[in-house]
Amino acid sequence: MPEHPVLQTITGLGETGAALAGDPRVKKVAFTGSTATAKRVMAACARNLTPIVAECGGKDAFIVDADADLRAAADACLWGALSNAGQTCVGVERVYVVDQVYEPFMRELKELASTVKAGEHYGPITMPAQLDIIRRHIEDAVKTGKAVKGGPESVRAPYVDPVIVEDVPEDSAAVREETFGPTITVRRTRDAKEALELANASAYGLGGTVFSRDTRGAMRLARLMRSGATAINSVISFAGVPSLPFGGVGDSGFGRIHGADGLREFARPKAIARQRFALPGMNLTSFSRAPGELERLIRMVTILHGRRKR
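Caption draft 1: Region of the structure containing the side chain of Thr-183. Inspection of the secondary structure assignment puts Thr-183 in strand E9 (residues 183-189). On the accessibility criterion, Thr-183 (10% relative accessible area) is buried. Residues in contact with Thr-183, not counting those within four places in the same chain, are Val-92, Glu-93, Ile-134, Ile-138 and Val-163.

Written as C-alpha cells, this is what we have:
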C-alpha cells in the first residue's frame, strides 16, 4: 500500500460496483455505461447522498447541410459509424441530409462503404449480448426502411458487417435506442432546420456532427444541437482535445470530465468571507444595532448603486 493511495484499481462486475456506490467512504462516483445502469448506480449513491458524474450512452446525429463537402462528409460519417465496430458512445448512428445533396451524398457513402469489411477494417462485437440488440435494430429498420447496404444477414457473430438503412421512421427502435454497432440510419430532410429538429428529438444528447462550408451557419447549428459536444467538418474530434469538457444531457447523463469543468467535478467549491474593515457607525449583525443604522445603510447603497425604489 503506497503512503498516499491516490489511485487504486479494483476490478469486478455488478457486485463490485454496487459495493462502491453504496459505501459511505466513497465521496464521488464517476460512472460510464448504459442509461439503465446509471439509474441503478444513482439509486445506490442516493442512500449516502454520494454525488455522481454519469456518462451514459448516445444516439449521435450527423447533419449534412446543402453546402457541405460531400466526399469529406461521407468519409467522416463512415468512420464515425464503423470505427471500433460502432462500439463508441459518441459514434454516428443517425444521419440527416438536406434534400438537395441527398442523392450525391448517398452515392459517396455507398461507394466508400463498399470498401470497408468487418474483421479487416474493424474488429468484433466485444459483448455477445450486444449482438441481439444490433440484430433487433437492423430487423426493425429494414421492416419499414430501405436497406442500402447489409441487413439482418450482416450479423455473423462475433462480427457485424456495415449496415446502412434509409427512410427509417423516427419512432422506430433503430432510431430511438442506442445500437452500439456498425449501423446507421439515413434520412432526407427539407433543410438544415428540419435536420436539427430531428437531431434534437432524441432522448440522448452526447455528441453530434455538422458538415457545412458556411462557418457561421455551422456554428449556429452546433450551438443549437442538443448535445454535450458537437464537431464541425470532422467527427468525434472534440474527444481528442483534453481541454474541452466531455459529457452529455438527457439520457446521455450529466456532469463533465476533461478540461477545467472536469477538474471542478472532483473539487468542492467553498466560500470564505473575511471582514477587511468595519462599516463606520454601523453593526448590522448585532442586537445592539441602533434603529437608524439600517436606514443609513439603505441611503448609502442607493447613492452608490442606484435610485431607491419608490
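Caption draft 2: Quick peek at the nonpolar core. By size, the foremost hydrophobic cluster in this structure holds 62 residues, and its most contacted members are Phe-62, Val-64, Val-95, Phe-105, Leu-109, Ile-184 and Val-186. At eight residues, the largest contribution of residues to this core is made by helix H3 (residues 70-82). Residues contacting Leu-109, with those up to four places away along its chain left out, are Ala-74, Cys-77, Leu-78, Ile-164, Ile-184 and Val-186.

Caption draft 3: Region of the structure containing the layout of surface pockets. Looking at the largest pocket, its volume works out to about 760 Å³. As for the largest pocket, its lining consists of 23 residues, of which Leu-20, Lys-28, Val-29, Ala-30 and Phe-31 are closest to the centre. For the lining of the largest pocket, the secondary structure elements donating two or more residues are helix H1 (14-21), strand E1 (29-32) and helix H2 (35-46). Its residues assigned to classes, the lining of the largest pocket comprises 13 nonpolar, five polar and five charged. Within this model, the second largest pocket holds a volume of roughly 640 Å³. Considering the residues around the second largest pocket, the lining is formed by 23 residues, among which Gly-33, Ser-34, Gln-130, Glu-178 and Phe-180 are closest to the centre. Those elements that provide at least two residues to the lining of the second largest pocket are E1, H2 and helix H5 (128-144).

Caption draft 4: The arrangement of H2 in detail. With 12 residues, H2 extends 16 Å between its outermost C-alpha atoms, agreeing within 8% with the 16 Å of an ideal straight helix rising 1.5 Å per residue. Of all the residues in H2, the buried ones are Thr-35, Ala-38, Val-41, Ala-44 and Cys-45. Buried residues along H2 sit against H1, E1, strand E2 (52-55) and strand E10 (204-205).

Each value, and the rule that gives it
- Residues numbered from 1 in each chain as written.
- Predicted model: local features only at pLDDT ≥ 70, side-chain atom pairs only at ≥ 80, totals over all residues.
- Heavy atoms only, no water.
- Helix = DSSP H or I, 4+ residues; strand = E, 2+ residues; numbered from the N terminus.
- Buried < 20%, exposed > 50% of the residue type's maximum accessible area, 1.4 Å probe, protein only.
- Contact = heavy atoms within 4.5 Å.
- Core = buried A, V, L, I, M, F, W, Y, C linked by side-chain atoms within 4.5 Å.
- 1 Å grid on protein atoms, 1.4 Å probe; cavity = no way out; pocket = protein on both sides within 12 Å on 5 of 7 lines; lining within 4 Å.
- Points joined across faces, edges and corners; volume = space filled by probe spheres on them.
- Nonpolar A, V, L, I, M, F, W, Y, C, P; charged D, E, K, R; others polar.
- Expected span 1.5 Å × (residues − 1).

All we've got here are geometric facts, nothing functional implied.
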